[in-house]
Amino acid sequence: MTITVKFFASLREQVGMADLHIDCECADTVAEVWQTATDLAMPANTLMAVNQEYVEADHPVRDGDEVAFFPPVTGG
Amino acid sequence: MTITVKFFASLREQVGMADLHIDCECADTVAEVWQTATDLAMPANTLMAVNQEYVEADHPVRDGDEVAFFPPVTGG
Amino acid sequence: MVVRILTEPFDPWQTVQAHQRAHLAPGSYGATALFVGTMRDFNQGDTVQAMTLEHYPGMTERFLEQISRQAAERWDILDSLICHRVGPLNPDDPIVLVAVWSAHRADAFDASRWLMEELKSRAPFWKKEVTTEGERWVENEGSGTRN
Amino acid sequence: MVVRILTEPFDPWQTVQAHQRAHLAPGSYGATALFVGTMRDFNQGDTVQAMTLEHYPGMTERFLEQISRQAAERWDILDSLICHRVGPLNPDDPIVLVAVWSAHRADAFDASRWLMEELKSRAPFWKKEVTTEGERWVENEGSGTRN
């Protein structure tokens, strides 16, 4: 399966990537997508989205999903 | 003593006067100013001011005071 | 801290912009909260064709200045502006503008709302509507039920 | 109900006026509540010279549209407008505009404030400041403490 992974803001800089695709049967959950995509431990306050909706780390992922990781938001 | 009396909005129309001066020793309180100035009973929800500050009906009046009577406000 | 009683129609957006340029240092304020009350063409089921707003010259300004000072004591605000129309109004005319500038949004929100509630409940203004049924003084319907 | 992500500086007052003319029927709304967040030239004791606002294209718009719909379900509102800048900003640039039109002031106040709190706490935007000490990502300081 193919999953698009996105990182934003300070996480993007820490991970050193903005976008990547993972193409294997190696991740059943959002947390496992992080482990597959990066060498780092996930910061405690990381926010996660699947297909542009907020989810928790144990949320399942499926072929074609867009999974995003980002720090606490600071807009407005 | 001279007291300036003002009526506003629906009270002005009911009383039939906007401004008047009373010039006698006939009113010690705001309620007595009303009685001196008009032939009507004061409506229950009437608001009162002396020298442009809200007061209650038993507030004393002095020479030179400006006493105002008006209905509940509806601005904004 | 400015209070204005206006006898002519005004544009609230231009008024706020002009006030901001004249009174606020660029970069000093992070939060501006605004309320604009506009004359509707209906009220209590009737079409409203026109309105006259009466006030108590002197006391009205004094009251609005008092609540502006109280807001500045109670909240951390940089500036405030209150404008209120009097005289003859037509539907869609802005009636009231309350604007508060602050470094922080909670102060701007809280102060602007408090100013509007004080103005609605205590500032000496009275509305007389011209409806298809004739003229009538608007009666106080209590907080929050009217604009 | 309009949501706009803007890459260029915008004038919140002209934006609100233009939206009102295009989307609101004259005489239909009595209450407009507005919040404008503006970039300050200081933060946490440091001079801020510039800022970059990052967002999540797609999710950000989707999230702002969701909260706009939720506000319309929860309160009696006629229309809402959310505009938010992204990209490079300078001090005194407007960052965010939230406007709500209603027949009644309580709905306009409540909905605009709720939209701002949701936006601040959950909308995917990130600020990076350029200060005299260098660049830094702004950290979430919790509700109500920042503009």
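Just so it is clear, the structure is predicted and the values come from calculations on it, not from any experiment. Residues take numbers from 1 onward in each chain, read along the sequence in its written order. Labels are handed out in written order, letters beginning with A for the chains and numbers beginning with 1 for the ligands. Only residues with pLDDT of 70 or above have their local features reported here, since the model is predicted, and side-chain atom pairs are shown and tallied only from 80 upward, although totals for entire chains, interfaces and linings are computed over all residues. Only hydrogens and water are set aside; all other atoms, that is, all heavy atoms of the structure, feed into the side-chain values.

(A) Representation of the overall build of chain C within the structure. Secondary structure counts use DSSP, requiring at least four H or I residues in a row for a helix and at least two E residues in a row for a strand, with both numbered from the N terminus. Counting its regular elements, chain C contains 3 helices and 9 strands. Radius of gyration means the value over C-alpha atoms here, while the globule rule gives 2.2 Å times the residue count to the 0.38 power. Taking 147 residues into account, the globule formula puts the C-alpha radius of gyration at 15 Å, and chain C, at 16 Å, falls close to it. For chain C, the spread of C-alpha atoms along the three principal axes comes to 50 × 30 × 25 Å. Under the scheme applied here, a residue whose accessible area is under 20% of the maximum for its type counts as buried, over 50% as exposed, and between as partly exposed, the area being computed with a 1.4 Å probe on protein chains only. In chain C, which comprises 147 residues, the proportion classed as buried is 60%. Contacts are assigned to residue pairs that have any heavy atoms within 4.5 Å of one another. Considering only contacts within chain C whose residues lie at least 6 apart along the sequence, 75% involve residues at least 24 apart. Under the convention used here, a 1.4 Å probe and the Shrake-Rupley method define accessible areas, while residue burial counts only the protein chains that appear. Per element, the accessible surface of chain C, about 5600 Å² overall, is 46% carbon and sulfur.

(B) Quick peek at the pairing of strand β8 (residues 125–131) of chain C. Residue and element names in this part refer to chain C. Here β8 lies mainly inside the structure; 6 of its 7 residues are buried. For two strands to be treated as a pair, DSSP must find no fewer than two bridges joining them. Where strand β4 (residues 46–55) meets β8, 7 bridges bridge the pair, whose relative direction is antiparallel. Directly across from A50, in β8, lies its bridge partner V130. Taken together, β8 and the strand that follows it, strand β9 (residues 134–137), pair antiparallel across an intervening segment of 2 residues.

(C) A look at the sheet that holds strand β2 (residues 19–23) of chain B. Strand order in the open sheet formed by 5 strands is β2-β1-β5-β3-β4 (chain B), with mixed pairing between adjacent strands. Each end of this open sheet is capped by a strand with a single partner; those strands are β2 and β4 (53–55) of chain B. Geometrically, the sheet is characterised by an average inter-axis angle of 30° between neighbouring strands, direction not taken into account. Pairing of strand β3 (residues 47–50) of chain B with strand β5 (residues 66–70) of chain B, which is carried by 4 bridges, proceeds in the antiparallel orientation. Across the sheet, residue A49 of chain B finds its bridge partner in β5 of chain B, namely A68 of chain B. Every axis in this analysis is a line fitted to C-alpha atoms, fitted for helices over the stretch in contact. Angles between the N-to-C directions lie between 0 and 180 degrees. Where helix α2 (residues 59–74) of chain C meets the sheet, its contacts fall on β3, β4 and β5 of chain B, and the angle it forms with β4 of chain B comes to roughly 95°.

(D) Seen up close, the interface of chain C and chain D. Of the residues lining the interface, 39 residues belong to chain C; the matching set on chain D comes to 39 residues. Once two parts are put together, the accessible area they lose, assessed with a 1.4 Å probe and summed over both, is termed the buried area. Each partner contributes to the roughly 3500 Å² buried at the junction of chain C and chain D, and carbon and sulfur atoms together form 50% of this total. Note on definitions: salt bridges are taken to be side-chain nitrogens of Lys or Arg within 4 Å of carboxyl oxygens of Asp or Glu. At the surface where chain C touches chain D, the tally comes to 4 salt bridges. In this structure, the salt-bridge partner of R105 of chain D is E117 of chain C, at a minimum N-O distance of 2.7 Å. We call two N or O atoms a polar contact when they sit within 3.5 Å, provided that within protein one can donate a hydrogen and the other can accept it, with sequence-adjacent residues counted only if both atoms are side-chain atoms. In this structure, the connection of chain C to chain D is made through 17 residue pairs in polar contact (both at pLDDT 80 or more). Elements represented by at least two residues in the side of chain C that touches chain D include exactly α1 (12–23), β2 (31–38) and α3 (105–122) of chain C. The classification used treats Ala, Val, Leu, Ile, Met, Phe, Trp, Tyr, Cys and Pro as nonpolar, Asp, Glu, Lys and Arg as charged, and all other residues, Gly among them, as polar. Classifying every residue of the side of chain C that touches chain D by side-chain character gives 15 nonpolar, 14 polar and 10 charged. Looking at chain direction, β2 of chain C and strand β2 (residues 31–38) of chain D are connected through 7 bridges and run antiparallel. Within the sheet, the bridge partner assigned to A31 of chain C lies in β2 of chain D and is G37 of chain D.

(E) Broad picture of the relation of the copies chain C and chain D. Overlaid copies result from least-squares superposition on C-alpha atoms, with residues included only where pLDDT is at least 70 in both. The transformation that overlays chain C on chain D combines an axial shift of 0.0 Å with a rotation of 180°, and the residual RMSD is 0.0 Å. The transformation just described matches what one would write down for a two-fold rotation axis. Both copies contact each other with a shared surface, as 100% of the interface residues of chain C are interface residues in chain D too.

(F) Inspection of the packing of helix α2 (residues 59–74) of chain D against helix α3 (residues 105–122) of chain D at higher detail. Residues and elements named next belong to chain D. Relative to each other, α2 and α3 sit at 150°, their axes nearing to 10 Å. Comparing the axis directions of α2 and α3 gives the class roughly antiparallel. Of the two elements, α2 crosses α3, and the hand of that crossing is right-handed. Along its contact with α2, which presents F63, L64, I67, S68, Q70, A71 and R74, the element α3 presents W114, L115, E118, L119 and R122. Across the contact of α2 with α3, the residue classes break down as 7 nonpolar, 2 polar and 3 charged. Oblique is the label for every angle not falling under 35 degrees (roughly parallel), over 145 degrees (roughly antiparallel), or within 65 to 115 degrees (roughly perpendicular). Left-handed describes a crossing in which the near helix is turned anticlockwise from the far one by less than a right angle; the clockwise case is right-handed.

(G) Quick look at unusual backbone geometry. Phi angles above zero are rare outside glycine, and N51 of chain B is one such case at about 50°. When its relative accessible area of 33% is taken as the criterion, N51 of chain B is described as partly exposed. Positive phi outside glycine occurs at D92 of chain C, with the angle close to 80°. Relative to the helices and strands, D92 of chain C is located in the loop between β6 (87–89) and β7 (94–102). Accessibility expressed as a relative area gives 28% for D92 of chain C, which makes it partly exposed.

(H) Broad picture of the state of the cysteines. Residues and elements named next belong to chain B. Pairs of cysteine sulfur atoms within 2.5 Å are what we label disulfides. This structure, assessed with the given rule, holds 2 disulfides over all chains. Between the sulfur atoms of C24 and its disulfide mate C26 the distance is 1.6 Å. By relative accessible area, C24 is classed as partly exposed at 28%. Assessed through its relative accessible area of 34%, C26 is described here as partly exposed.

(I) Layout of the pattern of salt bridges. Taken as a whole and judged by the stated rule, the model has 22 salt bridges over all chains. The residue R136 of chain C makes a salt bridge to D46 of chain C at a minimum N-O spacing of 2.7 Å. Here R136 of chain C, found in strand β9, pairs with D46 of chain C, found in strand β4; they are 90 residues apart in sequence, far enough to count as distant. Its relative accessible area of 22% is what places R136 of chain C among the partly exposed residues. Residues D110 of chain C and R113 of chain D are paired through a salt bridge, measuring 2.5 Å at the closest nitrogen-oxygen approach. Taken together, the residues D110 of chain C in helix α3 and R113 of chain D in helix α3 connect one chain to another. Since its relative accessible area comes to 29%, D110 of chain C is described here as partly exposed. By relative accessible area, which is 25% here, R113 of chain D ends up partly exposed. A network of salt bridges, in which partner residues are shared, links R105 and D110 of chain C together with R113 and E117 of chain D.

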